[in-house]
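Okay, here's what each chain looks like letter by letter:
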Amino acid sequence: MNEVAASDASLRRFLHGLPGVDEVGANARAAMLASRSVKADAKRQAIDLAITMIDLTTLEGQDTPGKVRALCAKARHPGFGAPPVAAVCVYPDLAGLAAAELHGSGIKVASVATAFPSGRAALDVKLADVKSAVAAGADEVDMVIDRGAFLSGRYRAVYEEIGAVRAACGGAHLKVILETGELGALDNVRRASWLAMLAGADFIKTSTGKVSPAATLPVTLVMLEAVRDWLAATGRHVGVKPAGGIRTAKDAIRYIVLVHETAGDEWLNARLFRIGASSLLNDLLMQRARMETGRYSGPDYVTMD
């Protein structure tokens, strides 16, 4: 695959030579899979699986050390006997605090970087952002691509920037945010997915959560097809992370069904599939409690984020 990235022209030939996405078909398949009914026993398992896949996230200007400590405590012990989440995702200046709070838990620290969410900064500033997060203890870095460069066809610039961030991550995993709500057609989602994987992404991620629409089932379907086909072509696994707008247990289960039917059971674990969310965990816990006790606990019984 190295020869593909030799120049803008070769990247353009490769990316525009990928099979086109049938948008009508993708929307119809996503809608069909979303309508699948899940039996009670399978639903209970799916709820716990979804909890273990969550990147529990707070990315607000008003974030405080106290809020991050509380989020880390909830990540370790969500309540109602639920398993811990996969990761806690914060801004770089709070990555060290999260790392200290989660030490020994096995829960990863994820940090956004590269001038999140806009990605509008010089490369040296972006790389400093990444190195700061990793030095503070981030196990995973969520970067944003330069959508302006991508949409204007400067694929080599996007490829080189992702590669530079990959190098700056060292041993940390790299999640590449495509910000699919700004990419328009699903063909662009497929091209951006392949471009990120060519450049060394460990995960491809739908969204920052700051742009609407954020994660959608059709977009995630296209990304799952891309990682499945990438594995067949290269033998390397890449994960997928939908993020933004996934708020209910019903939403989460729809994504799990989508993974199962598109990429296969191999992706049904936190190593290869994550859900970026802030409020989703609350609904999963309430649904879990209802299935365990037969009673529906309102939000007053769940610690709010």
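Structure's up top.
First things first, this report covers the structure right here in the doc.

Conventions adopted
- Residues numbered from 1 in each chain as written.
- Predicted model: local features only at pLDDT ≥ 70, side-chain atom pairs only at ≥ 80, totals over all residues.
- Heavy atoms only, no water.
- Pairing = 2+ DSSP bridges.
- Helix = DSSP H or I, 4+ residues; strand = E, 2+ residues; numbered from the N terminus.
- Axes fitted to C-alpha atoms, helices over the stretch in contact; angles between N-to-C directions.
- Contact = heavy atoms within 4.5 Å.
- Salt bridge = Lys/Arg side-chain N within 4 Å of Asp/Glu carboxyl O.
- Buried < 20%, exposed > 50% of the residue type's maximum accessible area, 1.4 Å probe, protein only.
- Phe/Tyr/Trp six-rings, centres within 6.5 Å; stacked < 30°, edge-to-face > 60°.
- 1 Å grid on protein atoms, 1.4 Å probe; cavity = no way out; pocket = protein on both sides within 12 Å on 5 of 7 lines; lining within 4 Å.
- Points joined across faces, edges and corners; volume = space filled by probe spheres on them.
- Nonpolar A, V, L, I, M, F, W, Y, C, P; charged D, E, K, R; others polar.

Attention now goes to the sheet that holds strand β1 (residues 54-57). Strand pairing in a sheet takes place through backbone hydrogen bonds and is either antiparallel or parallel in direction. Pairing is parallel in the open sheet, where eight strands are placed in the order β7-β6-β5-β4-β3-β2-β1-β8. Here the strands that pair on one side only, and so sit at the sheet edges, are β7 (239-241) and β8 (275-277). When the angles between neighbouring strand axes are averaged without regard to direction, this sheet yields 25 degrees. Pairing analysis gives four bridges linking strand β2 (residues 87-90) to strand β3 (residues 108-112), with the strands arranged parallel. Its bridge partner being in β3, Cys89 is matched across the sheet by Ala110. The strands touched by helix α10 (residues 217-234) within the sheet are β6 (203-205) and β7, with β7 carrying the most contacts at an inclination of about 170 degrees.

Taken as a whole and assessed by the stated rule, the structure comprises 22 salt bridges. Close ionic contact of Asp55 with Lys175 constitutes a salt bridge, the shortest N to O distance being 3.3 Å. Of the two residues, Asp55 is situated in strand β1 and Lys175 in strand β5 (residues 173-177); the sequence distance between them amounts to 120 residues. Accessibility assignment for this pair places Asp55 and Lys175 in one class, buried. The residue Asp229 makes a salt bridge to Arg228 at a minimum N-O spacing of 3.1 Å.

Looking now at the packing of aromatic side chains. All told, the structure shown has four aromatic pairs when counted by the stated rule. Where Tyr91 meets Phe116, the ring centres are 6.0 Å apart and the plane angle is 75 degrees; that geometry is what we call edge-to-face. Here Tyr91 is found in the loop between β2 and α5 (95-102), whereas its partner Phe116 is found in the loop between β3 and α6 (123-136), with 25 residues between them in sequence. Note on Phe116: relative accessible area 11%, which makes it buried.

Looking at the largest pocket, its volume works out to about 430 Å³. Surrounding the largest pocket, 22 residues form its lining, Thr57, Gly209, Gly244, Ala277 and Ser278 being those nearest its centre. Breaking the lining of the largest pocket down by element, the ones donating at least two residues are α4 (65-76) and β8. Each residue belonging to the lining of the largest pocket can be placed in one class, and the counts come to six nonpolar, nine polar and seven charged. In terms of lining residues, the second largest pocket is bounded by Leu33, Ala34, Arg36, Val38, Lys43, Ala249, Lys250, Ile253, Arg254, Val257, Asp283 and Gln287. Of all the elements in the fold, those that place two or more residues in the lining of the second largest pocket are α2 (23-34), α11 (249-262) and α12 (280-293). Top contributing element to the lining of the second largest pocket by residue count: α11, with five residues.

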